[in-house]
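The primary structure of each chain is shown beneath.
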2 protein chains.
Amino acid sequence: MSPKALDYDQLNENVKKCQYAVRGELYLRASELQKEGKKIIFTNVGNPHALGQKPLTFPRQVIALCQAPFLLDDPNAGLMFPVDAVARAKHYLAMTSGGLGAYSDSRGLIGIRKEIAEFIGRRDGYPSDSELIFLTDGASKGVMQILNVIIRDQNDGILVPVPQYPLYSATISLLGGSLVPYYLEETANWGLDINNLRDAVRQATFKGMTVRAMVIINPGNPTGQCLSLANLKEIVHFCIQENLVLLADEVYQQNIYQDERPFISARKSVDEIYKIASISLSPNVPGQIFLGLMVNPPKPGDISYPKFEQESKGILESLRRRARMMTDGFNSCRNVVCNFTEGAMYSFPQIRLPPKAIEAAKKAGKLPDVFYCLKLLEATGISTVPGSGFGQKEGVFHLRTTILPAEEDMPAIMESFKKFNDEFMAQYEDHKGYSRM
Amino acid sequence: MSPKALDYDQLNENVKKCQYAVRGELYLRASELQKEGKKIIFTNVGNPHALGQKPLTFPRQVIALCQAPFLLDDPNAGLMFPVDAVARAKHYLAMTSGGLGAYSDSRGLIGIRKEIAEFIGRRDGYPSDSELIFLTDGASKGVMQILNVIIRDQNDGILVPVPQYPLYSATISLLGGSLVPYYLEETANWGLDINNLRDAVRQATFKGMTVRAMVIINPGNPTGQCLSLANLKEIVHFCIQENLVLLADEVYQQNIYQDERPFISARKSVDEIYKIASISLSPNVPGQIFLGLMVNPPKPGDISYPKFEQESKGILESLRRRARMMTDGFNSCRNVVCNFTEGAMYSFPQIRLPPKAIEAAKKAGKLPDVFYCLKLLEATGISTVPGSGFGQKEGVFHLRTTILPAEEDMPAIMESFKKFNDEFMAQYEDHKGYSRM
């Protein structure tokens, strides 16, 4: 019989090479257990609403009115919608030609892009050009588009932090380029040492590669650290020197849980203008409205301001407390070390595993961190992602968890983790020491 | 000075090769003219709401309630929303975990996929498996994903109809594969002749290519024809014989303007099951709800049924009249021949151009159809897409227009087209004949 048209050995090799740990072995096992009736706490993907975070009221009021513009003509509208939400919905609808069901320009609605340019200007202290802003359906699509323009073949290298969010490794594989890793320093609070960058470029060049671009993730995912202004300046200088496109992934800029190191954009630290490219027909229009609402939330004096402030502060303050509870919980285990989650939505504790556990993992045909995370899942229902999915130094083991479970559940979750970890250690520890490089 | 990191000559060649005529030279010139104050009729992209088509009320009521679920608890909800919209919103919200702000499964919500499988089963007369359904952010993303899995290098060929929608040529270029054209027969109402397919495969194989897949667009874009059951069966048989993946683009299945040849899905004509693949994290959740509403519209007896029927019938009947007005208008010009638009949203008239016009185009450095469409734009504000953007036989010229301008504007638009065409012919015709193969 002739092979089928979609037989595995006839598929694109780059697609086969892709890996996406946040939806990998652990996630599949967790889904199975859930089907069998086990209660699972999904901390593998940063999906706040799936873990009970309530949406902000004002943006949802505005989008409901934009989706159903006939509500604006309803004499009862005033009973259900505040006047500022009504005004804002009219404001955005006037920017579209034909409402939310019409394609916009490929780069997004010019009105929204102007509001975003103004937001960026206010944030960074110098103007931004709306003509250079391209809106995409989420950060993943933006990363995909720009890397698609840059990567020509496997000799094009992209500097990516390790640990990294697997979007980068998967996209670079898919596009047939090469990932050039630079290691973040766990002992320096996941800081970025410019000497590691130089080494990484030198090694890649030695192998015949051209390093084309550098990715930074700030605040970090999965590592949760915030970059300092001095560090950002070094990075920008390095990119100019090495002629690299700088890709700054700053999606978590509003999620900051400490005051010493506020979020600073890479753009704020430079005078260069950089461009990104787009090839799609029209980004999702309701998504564009949400972006407009993010860069222009209700202002003091607006009817919806107090509620909006209360809701968004409530979320951030609770996340800050949860970041602390989680870090402290991990650090209370003697074989776990965890940097504080300064920003983003993740904790990335290092788990020191005894040699016996590593042997047991080997026998089971698993990586040691995968082995540990599977045991954790089976014992507690906590669904995490092994550190190997993000990259880590040889012989060092981590897991990534989100800080998103409901605040009231957090003490029980950390207690359950600690109990599991104690039992795991009791089973595998031989009192001779831990594995750590 | 060293080159900049994003200099044109350092970009991915496949990206440079991409062309996308529906947003090409004509569109850019139309945008310029619009900025200068000229009234432009955009018929270059099938964007109904941008040309005044009103959204259907019921789906918008449901999505507004899903976006702002607190409205469901509002004592005044009954004043603004019918009970069936309220029930439907609750039904879809119950399928999500966390509402519209939470990522769904990468393939889409299982509840929506089950509803779609049931719709497909009803449509085709045999069951569909929801586990094999992958939802994507629009058809373009779906095409991109499946071709990405199939195409390995430039020796992988994809059979594509000519004329075709440029999504296919652009995506195949971007992925580094080869487009293998098969010509549709204009004189046979843009029918598909299986002998043309065999020739196309033979020629591609002779050049060392492996033909991997075949695209059909039914109803056609830009050609507007509907495939018959007999023709579909031939195609499926051919794909089995040649071991090809069949990609059936059936986005316009509800847009049918004649009764002799109703829409028949490629799936209905086979007993084979085929799979598609997905690599994205979560398709847009509000878009999934709209899809659920499309496959399960209000039923007779529902409160919203009469209004929904009236609105959707009104749209389809008006489109049918517009298809007729446009075809007749084109055919009333003695140098224009146009097949009737049986389905989809497009007219693709053939324009016979006199030799003098072809010479004038050559002098202006333009393709003849681009030259004609630019003149049409300047004279009338009608923004079309030249046939060369979709592919056409050597020496034959077309343009594509949507049938979407408001019905009441249609007579004036066709009159304005006819007047332009008469003047154009008066200027360039030498009374010796037209160019046509």
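Residues numbered from 1 in each chain as written. Chains lettered and ligands numbered in written order. Predicted model: local features only at pLDDT ≥ 70, side-chain atom pairs only at ≥ 80, totals over all residues. Heavy atoms only, no water.

**Some words on the packing of aromatic side chains**
Residues and elements named next belong to chain A. Which entries qualify depends on this criterion: In this scheme Phe, Tyr and Trp rings, the latter by its six-membered ring, pair at centre separations within 6.5 Å, and the angle between planes marks the pair as stacked below 30 degrees, edge-to-face above 60, and tilted otherwise. What counts as a helix is a DSSP run of H or I of at least four residues, what counts as a strand is a run of E of at least two, and both are numbered from the N terminus. Burial here depends on accessible area, computed with a 1.4 Å probe over protein chains only, as a share of the maximum for the residue type. Under 20% is buried, over 50% is exposed, and the range in between is partly exposed.
For the structure shown, the criterion picks out 22 aromatic pairs over all chains. Seen from their ring centres, F348 and F390 are 5.8 Å apart, and the 85 degrees between their planes marks the pair as edge-to-face. With F348 in the loop between β7 (346–347) and β8 (350–351) and F390 in the loop between β10 (385–386) and β11 (399–402), this residue pair connects regions lying 42 residues apart in the sequence. Seen in terms of ring centroids, F424 and Y428 are 4.8 Å apart; in terms of plane orientation they differ by 50 degrees. Their pairing is tilted. Placement of the pair is F424 and Y428 together in helix α15 (residues 410–428), with a separation of four residues, close to one helical turn. Per residue, the accessibility class of F424 equals that of Y428, and both read buried. Clustering of aromatic rings is evident, with ring pairs tying together F371, Y372, F420, F424 and Y428.

**Observations regarding the domain arrangement of chain A**
Residue and element names in this part refer to chain A. Formally: Here the limits of each domain have been adopted from an automatic or database domain assignment. Accessible area, probed at 1.4 Å, shrinks when two parts are joined; the buried area is that loss added up over both. Should a side-chain nitrogen of Lys or Arg be within 4 Å of a carboxyl oxygen of Asp or Glu, the pair is scored as a salt bridge.
The assigned domain composition of chain A is domain 1 (8–39 + 315–428), domain 2 (57–130 + 287–303) and domain 3 (138–279). The C-alpha-based centres of domain 2 and domain 3 are spaced at 31 Å. Interface of domain 2 and domain 3: buried area, both sides summed, is about 750 Å²; carbon and sulfur atoms make up 37% of it. If you sort the residues of domain 2 by the area they bury against domain 3, R123, D124 and Y126 come out on top, with a joint share of 68%. Counting every contact that joins domain 2 to domain 3 gives zero salt bridges.

**Considerations on the pairing of strand β5 (residues 245–249) of chain B**
Residues and elements named next belong to chain B. We count it as follows: A pair of strands counts as paired when DSSP detects no fewer than two bridges linking them. The definition of a right-handed crossover adopted here requires that, viewed with the strands pointing away, the path from the first strand over the helix to the second runs clockwise.
The buried count for β5 comes to four of five residues, which makes it a mostly enclosed element. Where strand β4 (residues 210–217) lies against β5, five bridges are found, and the strand directions are parallel. The residue bridging V215 from the neighbouring strand is L247, located in β5. Taking the sense of rotation as the criterion, the β-α-β connection linking β4, helix α10 (residues 229–242) and β5 turns out right-handed.

**Some remarks on the pattern of salt bridges**
All names here are of chain A. One pass over the full model with this rule turns up 30 salt bridges over all chains. For E185, the salt bridge goes to K393, with nearest N and O atoms at 3.8 Å. Residue E185 is found in the loop between β3 (178–183) and α9 (194–206), and its partner K393 is found in the loop between β10 and β11; the two are separated by 208 residues along the sequence. With relative accessibility at 35%, the residue K393 sits in the partly exposed group. Between E423 and K419 there is a salt bridge, with the nearest N and O atoms lying 3.5 Å from each other. A residue pair is termed a helical-turn pair when its members lie 3 or 4 positions apart in one helix, as E423 and K419 do in helix α15 at four residues.

**Regarding the state of the cysteines**
Note the cut-off: Any pair of cysteine sulfurs within 2.5 Å is marked as a disulfide.
Taken as a whole and judged by the stated rule, the model has zero disulfides over all chains. A:C333 carries a free sulfur, and the closest cysteine sulfur to it, the one in A:C338, is 10 Å from it.

**What about the sheet that holds β10(A)?**
All names here are of chain A. Operational definition: Residue contacts follow a heavy-atom distance rule, with two residues in contact if any of their heavy atoms lie within 4.5 Å. Lines fitted to the C-alpha atoms define the axes, with helices restricted to the stretch that makes contact. Angles between their N-to-C directions range from 0 to 180 degrees.
Read across the sheet, three strands follow the order β7-β11-β10 without closing on themselves; strand pairing throughout is antiparallel. Looking at strand neighbours, the two that pair on one side only are β7 and β10, the edges of this open sheet. Against the sheet, helix α12 (residues 305–331) makes contact with β7 and β11, and its axis sits at roughly 150 degrees relative to β11, the strand it touches most.

**Focus on the nonpolar core**
What counts here: Here the nonpolar core consists of buried residues drawn from Ala, Val, Leu, Ile, Met, Phe, Trp, Tyr and Cys, with membership extended through side-chain atoms lying within 4.5 Å.
Counting 62 residues, the largest nonpolar core has A:V62, A:F81, B:V62 and B:F81 as its most contacted members. With residues near it in sequence (within four places) discarded, A:F81 still touches A:Q61, A:A64, A:L65, A:L71, A:V86, B:L71 and B:M80.

**Structural notes on the interface of chain B and chain A**
By a widespread convention, an interface's size corresponds to the accessible area lost as its parts come together. What counts, and what does not: Each residue gets one of three labels, nonpolar for Ala, Val, Leu, Ile, Met, Phe, Trp, Tyr, Cys and Pro, charged for Asp, Glu, Lys and Arg, and polar for the others, Gly among them.
Across the boundary between the two partners, chain B contributes 63 residues, which contact 63 residues of chain A. At the boundary of chain B with chain A, total buried surface from both sides reaches about 5200 Å², with 56% on carbon and sulfur atoms. Taken together, the connections running from chain B to chain A amount to two salt bridges. Residue A:K141 pairs with B:D137 through a salt bridge whose shortest N-O separation is 3.6 Å. When contributions to the side of chain B that touches chain A are tallied by element, the ones reaching two or more residues are α3 (57–67), α4 (77–80) and α7 (139–150) of chain B. Top contributing element to the side of chain B that touches chain A by residue count: α3(B), with seven residues. Taken together, the residues that form the side of chain B that touches chain A break down as 34 nonpolar, 17 polar and 12 charged.

**Regarding the relation of the copies chain B and chain A**
Selection criterion: The least-squares superposition of copies is restricted to C-alpha atoms, and to residues with a pLDDT of at least 70 in both copies.
Overlaying chain B with chain A gives an RMSD of 0.0 Å, the required rotation being 180 degrees about an axis along which the chain moves by 0.0 Å. A rotation of that kind, with that shift, is consistent with a two-fold axis. Proximity to the rotation axis, assessed at the C-alpha, singles out B:A64 in chain B; its C-alpha lies 2.1 Å from the axis. Counting the interface residues of chain B, we find that 100% of their copies in chain A are interface residues as well, pointing to one common contact surface.

**Focus on the side chain of A:N196**
Looking at the secondary structure, you find A:N196 in helix α9. Aside from chain neighbours lying at most four places away, what touches A:N196 is A:Y182, A:Y183 and A:E185.

**Here's the deal with the side chain of B:R212**
To be explicit about the condition: The term polar contact refers here to a pair of N or O atoms within 3.5 Å; inside protein, the definition further demands a hydrogen-donor-capable atom paired with an acceptor-capable atom, and it admits residues adjacent in sequence only when both atoms are side-chain atoms.
By the secondary structure assignment, B:R212 is in strand β4. A distance of 2.7 Å separates the side chain of B:R212 from the backbone oxygen of A:Q10, its partner in a polar contact. Only 2.8 Å separates the side chain of B:R212 from the backbone oxygen of B:I150, close enough to count as a polar contact. Contact partners of B:R212, with chain neighbours within four places excluded, come to A:A5, A:Q10, B:I150, B:R152, B:D156, B:G157, B:I158, B:N243, B:L244 and B:V245.

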